[in-house]
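# Structural description and commentary
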Amino acid sequence: MKAAILALALLAMPAHAHDWTASEKGWAAAWLATRAVDWAQTRHIARHPDRFRELNPMLDPHPSLGEVNRMFLLTTAAGLLAAHYLPKYRKGMLQVWFAVGAVVVARNAHIGVRLEF
């Protein structure tokens, strides 16, 4: 339950960041969308170690669901905090993170990784 509350708070943070521009909020929303899809795909990978292995160096090749959830919550929180407190670099960071996430999600989909929550 704590993780769900934290996740919702983190997802809402850009909407309440009054000093963020509309463009920055849009890039944050796009990045968070790729994060959600990547998270679901990584959970699918964790549930199917016979078919897939995780390539993210922050995780084992066959992570547990708990490890996946913790990594996504912590790295998403760290990303939002970095974007919030580094306004000079905010838009660029969010654009890069979105682009990387979109490539990862597309690659996963191409090899048959599905979404599983």
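Up top is the structure these notes are about.
Below is a short write-up of the structure. Every value quoted in this text rests on a predicted model; they were computed, and no experiment measured them. (Residues numbered from 1 in each chain as written. Predicted model: local features only at pLDDT ≥ 70, side-chain atom pairs only at ≥ 80, totals over all residues. Heavy atoms only, no water.)

Let us now look at the environment of L115. For L115, the position within the fold is in the segment after α4 (90-110). By relative accessible area, which is 55% here, L115 ends up exposed. In the structure, L115 is positioned 78 residues away from V37 in sequence and 6.8 Å away in space, judged by C-alpha atoms. Leaving out residues up to four positions away in the same chain, L115 has contacts with V37, A40 and Q41. (Helix = DSSP H or I, 4+ residues; strand = E, 2+ residues; numbered from the N terminus. Buried < 20%, exposed > 50% of the residue type's maximum accessible area, 1.4 Å probe, protein only. Contact = heavy atoms within 4.5 Å.)

Right, let's get into the nonpolar core. If you look at the biggest cluster of nonpolar residues, it comprises 8 residues: W20, A28, W31, L32, L80, A83, M93 and L94. Among the secondary structure elements, those contributing two or more residues to this core are α2 (22-47), α3 (65-85) and α4. In terms of residue count, α2 provides more of this core than any other element does, 3 residues in total. (Core = buried A, V, L, I, M, F, W, Y, C linked by side-chain atoms within 4.5 Å.)

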